[in-house]
Amino acid sequence: MRSTPRRVAGAVTAAALFLPATAGPAFAAPSGVPKGAVTAKVLKIVDGDTIDVSRGGKRYRVQLLEVDTPERGQCWFATATARTKALLPIGKTAYLVADRAPRNRYGHRLYYVWNAKGIHVNRNLVRYGYAKAVLDQPNDRYIRLMRAEQAKARKARLRIWSGKCDGDGRQPAPTPTPTPSPTKTRPSDDGNDPRYRTCGEANANGYGPYVRGQDPEYAWYQDRDGDGVVCER
């Protein structure tokens, strides 16, 4: 669910949004987590794009930047919420990175979130059809990446783009007419996905599918049925 953040001038670091935590040993973030990320403990998954975390003995509500998951009562709400729960298990560490506007009008902190395995949760939700990409102005650090990942999910008709509901009998809202997307090249700011031994391992860690001629990761795995897609979920 979304709410419009207020505009705040100047860049804001993730650490500046929290009170200082008790001093401790430096952490080694997983590969893929940007420099400057701060750690927090996952306390609760409110819905697909809203979580509660703790840091320095205080509890904070966090809105995931640049993503919009279905709201309660809509198709795919339960599925999107379950996906976020799987990516961010209660009690585990999350890595948070801020953009320019630190909070929305409800006082929720606004962050890009990586999980304990180094998976970019915001991106993962969009890539696999659990969420739409939205521009949270003035926060736009990953919007080009998010829109590129959304284009892949729409083309593959994944989940919210499937025209179907997730088993509860309700009918989904009409899917808007897709707008032309730029040439499909992987954004350079985040690199390729991690490489696994098998598609099963890639899927278990939240990655795939990959399309021939579109995703460089396609060449890493065997296309057994020759349909031009590997690591189907």
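Since the model is a prediction, treat every value here as computed from it, not as a measurement.

K.L.:
It is not clear to me how the pairing of strand 2 (residues 50-55) should be interpreted in this structure. Could you clarify?
P.N.:
Most of strand 2 sits inside the fold, with 6 of its 6 residues counted as buried. Side chains T50, D52 and S54 project from strand 2 onto one buried face, and the interleaved I51, V53 and R55 project onto a second face that is buried too. As defined by bridge partners, strand 1 (residues 38-47) adjoins strand 2 across 5 bridges and the pair is classed as antiparallel. Across the sheet, the residue bridging to D47 is T50, located in strand 2. The turn linking strand 1 back onto strand 2 is made up of 2 residues. Connecting strand 2 to the antiparallel partner strand 3 (residues 58-64) that follows it, the hairpin turn spans 2 residues, and G56 within it adopts a positive phi of roughly 60°.

K.L.:
Could you clarify how one ought to interpret the pattern of salt bridges in this entry?
P.N.:
Charged atoms that come close allow side chains of opposite charge to pair. Summed over the entire model, instances satisfying the criterion amount to 6 salt bridges. R127 is paired through a salt bridge with E149; the nearest N and O atoms lie 3.8 Å apart. Residue R127 is located in helix 2 (residues 121-127), and its partner E149 is located in helix 3 (residues 143-155); the two are separated by 22 residues in the primary sequence. Neither R127 nor E149 differs from the other in exposure class; each is buried. A salt bridge links E201 to R197; the nearest nitrogen and oxygen atoms lie 2.5 Å apart.

K.L.:
Can you walk me through the sheet that holds strand 5 (residues 93-97) in this structure?
P.N.:
Hydrogen bonding along the main chain pairs the strands of a sheet, whether they run parallel or antiparallel. On the basis of which strands lie adjacent, the closed barrel formed by 5 strands has the order 1-2-3-6-5 and mixed pairing. The mean inter-strand angle of the sheet, taken between neighbouring strand axes irrespective of direction, is 55°. Where strand 1 meets strand 5, 4 bridges bridge the pair, whose relative direction is antiparallel. Among the inter-strand pairings, K41 is bridged to a residue of strand 5, identified as T93. Across the face of the sheet, helix 1 (residues 77-87) comes into contact with strand 1 and strand 2 while running at roughly 155° to strand 1.

K.L.:
Got a minute to help me understand unusual backbone geometry in this structure?
P.N.:
Among all residues save glycine, negative phi is the norm, and among peptide bonds the norm is trans. A cis amide bond links Q137 with the next residue in sequence, P138, at an omega value of 5°. Mapped onto the secondary structure, P138 falls in the loop between strand 7 (132-133) and helix 3. Positioned with a positive phi, E66 is a non-glycine residue whose angle comes to about 65°. Looking at the element boundaries, E66 is found in the loop between strand 3 and strand 4 (67-68).

K.L.:
Can you walk me through the confidence of the model for the protein chain in this structure?
P.N.:
Counting all residues, the mean pLDDT for the protein chain is 82, and 77% of those residues have values of 70 or more. Across residues 4-11 the pLDDT falls below 50, and counting only partners more than four positions away or on other chains, this stretch makes 19 contacts in the model. For the stretch residues 169-190, pLDDT sits under 50, and the model shows 36 contacts to residues farther than four places along the chain or on other chains.

K.L.:
Would you explain the side chain of R123 in this entry?
P.N.:
Within the fold, R123 resides in helix 2. Engagement of the side chain of R123 in a polar contact is seen with the side chain of E149, the distance being 2.5 Å.

K.L.:
Help me understand the state of the cysteines, please; the structure alone is not making it clear to me.
P.N.:
Joining two cysteines, a disulfide is a covalent bond between their sulfur atoms. By the definition in use, this model includes 2 disulfides. The disulfide bridge from C75 ends at C165, spanning 1.9 Å between sulfur atoms. Note on the C75 and C165 pair: the S-S dihedral is about -100°, so by sign convention the disulfide is left-handed. Here C75 is found in the loop between strand 4 and helix 1, whereas its partner C165 is found in the loop between helix 3 and helix 4 (199-204), with 90 residues between them in sequence. Residue classification places C75 among the buried residues on the basis of a relative accessible area of 9%. With a sulfur-sulfur separation of 2.0 Å, C199 is cross-linked through a disulfide to C231. Between C199 and C231, the S-S dihedral sits near -75°, and the bridge is therefore left-handed. In this pair, C199 is assigned in helix 4 and C231 in the segment after strand 9 (229-230), connecting sequence segments 32 residues apart. Here C199 and C231 have matching classes, each one buried. Each disulfide in the protein chain links cysteines that, numbered along the sequence, combine into the pattern 1-2, 3-4.

Conventions we followed
- Residues numbered from 1 in each chain as written.
- Predicted model: local features only at pLDDT ≥ 70, side-chain atom pairs only at ≥ 80, totals over all residues.
- Heavy atoms only, no water.
- Buried < 20%, exposed > 50% of the residue type's maximum accessible area, 1.4 Å probe, protein only.
- Helix = DSSP H or I, 4+ residues; strand = E, 2+ residues; numbered from the N terminus.
- Pairing = 2+ DSSP bridges.
- Salt bridge = Lys/Arg side-chain N within 4 Å of Asp/Glu carboxyl O.
- Axes fitted to C-alpha atoms, helices over the stretch in contact; angles between N-to-C directions.
- Contact = heavy atoms within 4.5 Å.
- pLDDT = per-residue confidence, 0-100.
- Polar contact = N/O pair within 3.5 Å; in protein donor to acceptor, adjacent residues only side chain to side chain.
- Disulfide = S-S within 2.5 Å.

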